[in-house]
Amino acid sequence: MPEGHTVHRLARTFAELFAGQVLTVSSPQGRFSAGAALLDGSRLVAARAWGKQMFLGFADPSVERAAGTEGSRADDDLRWLRVHLGLYGAWTFAGDGSSAVVHAIGAPRKRIGERDSVPARPLAALATSDDDWEPPAPRGAVRVRLVGEHAVADLTGPTACEVVSGDEVRAVEARLGPDPIREDPPPAGGPGRFVAAVRRSRTSVGQLLMNQDVVAGVGNIYRAEALFRAGLDPLTPGRDVPAETLRAVWDDLVVLMRDGATTGAIVTTRPGDREPDVGAHPGTPARTGPGRPGVRQNTDGTAGSVPADQAFYVYHRDGLPCRVCGTPVLMKDLAGRKLYWCPTCQR
DNA sequence: TTGGAATGGACAA
DNA sequence: TGTCCCTTCCAAT
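Structural notes, computed from the coordinates. (Residues numbered from 1 in each chain as written. Chains lettered and ligands numbered in written order. Predicted model: local features only at pLDDT ≥ 70, side-chain atom pairs only at ≥ 80, totals over all residues. Heavy atoms only, no water.)

## A closer look at the environment of Asp76
Reasoning step 1: Relative to the helices and strands, Asp76 resides in the loop between helix H3 (61-67) and strand E4 (78-84).
Reasoning step 2: According to the relative accessible area criterion, Asp76 is partly exposed, its value standing at 49%.
Reasoning step 3: In the structure, Asp76 is positioned 107 residues away from Glu183 in sequence and 23 Å away in space, judged by C-alpha atoms.
Reasoning step 4: Residues within four places of Asp76 in sequence aside, it is in contact with Gly166, Asp167 and Arg170.
Reasoning step 5: Engagement of the side chain of Asp76 in a polar contact is seen with the side chain of Arg170, the distance being 3.0 Å. (Helix = DSSP H or I, 4+ residues; strand = E, 2+ residues; numbered from the N terminus. Buried < 20%, exposed > 50% of the residue type's maximum accessible area, 1.4 Å probe, protein only. Contact = heavy atoms within 4.5 Å. Polar contact = N/O pair within 3.5 Å; in protein donor to acceptor, adjacent residues only side chain to side chain.)

## Quick word on the packing of helix H5 (residues 190-199) against helix H8 (residues 243-263)
To characterise two packed helices, one gives the angle between the axes of the helices and the distance between these axes.
Reasoning step 1: The contact between H5 and H8 brings their axes to 9 Å, and the two run at 130 degrees. Judged by the angle between their axes, H5 and H8 are oblique. Seen along the crossing, H5 lies across H8 with a hand that is right-handed. Contact with H5, carried on its side by Gly190, Pro191, Phe194, Val195, Val198 and Arg199, involves Ala243, Leu246, Arg247, Val249 and Trp250 of H8 and no other residues of that element.
Reasoning step 2: The residue makeup of the contact of H5 with H8, split by class, is eight nonpolar, one polar and two charged. (Axes fitted to C-alpha atoms, helices over the stretch in contact; angles between N-to-C directions. Parallel < 35°, antiparallel > 145°, perpendicular 65-115°, else oblique. Left-handed = near helix turned anticlockwise from the far one by under 90°. Nonpolar A, V, L, I, M, F, W, Y, C, P; charged D, E, K, R; others polar.)

## Side note on the environment of Tyr88
Reasoning step 1: Note on placement: Tyr88 falls in the loop between E4 and strand E5 (90-95).
Reasoning step 2: You can call Tyr88 exposed: its relative accessible area is 53%.
Reasoning step 3: A sequence separation of 18 residues divides Tyr88 from Gly106, and the C-alpha atoms of the two residues are 7.2 Å apart.

Right under this line is the structure:
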């Protein structure tokens, strides 16, 4: 999936495209018809993320009339759409060209009509003016479609998609560990909670980093890359990792993940550790040859200039030489997910 | 045409 | 720990 940086980026995109607008909500696929009916015709007033969970807050029209004012809405006055993309969920956006909408955010695959270079104003050519813009027909199994004044958002393949109350939103958030991207760490303290949670467990630190109750938003790429950058053996029991090392991992995650949320792509390699001219000369094979397809990144096509095959130290690089020491990168299954690490740099 | 694989997690045992 | 679910894409038939 879409790790936490993607979900935060999504929440920002929803705020930019739809905040304050009355939305038409439907379920072209039909599996979310009841939930869509609850939200249809209400106003989007909040969009936020915690880890990999996204919450869109809708003002109930009747409550809105009773309250009378635009401001001072408590979470409990809203109906919330909770979405978790899971492994292959994705949002696809299209607009009338009045804003440079992000084309697709979610699972790392090509989306409807996506090209290698995404036009700055997707689908603008389809509209002759803002007034007669019509959303394109949904493609594929679209669970939810949100239509606003100038844009449409389609959701496919989510693990979770449901309408919940403010109470339920708080319950989900309370269960999650601290999120390195959030500027408002929970009262218990972000880094402190993370360090304590790891150090009271015998489970391997590699497994703990993927536990959303320990730290929210980290997925398989950030797990592998953060451990490499810390020089930490993923199989070390949590309780054996020095607190200062964990604090450094946290600080690194803050930088990496906030950068990812801004650019839309995960890049963890330092410039000096990349190969400057791979593929630049005819006959020079790219690192991602036949049988090793390139890792597609979540991106709107404009983020960063680092090629996908230069973005990581160890993720998806098993068998290739470590960028730092040349030792072949290892891979093994750990609790059902693939773990990548360099046995020389990480010990 | 088919069948793994994919940046995830809920649930049962 | 294992099984199942959600959907799409691309390499291998």
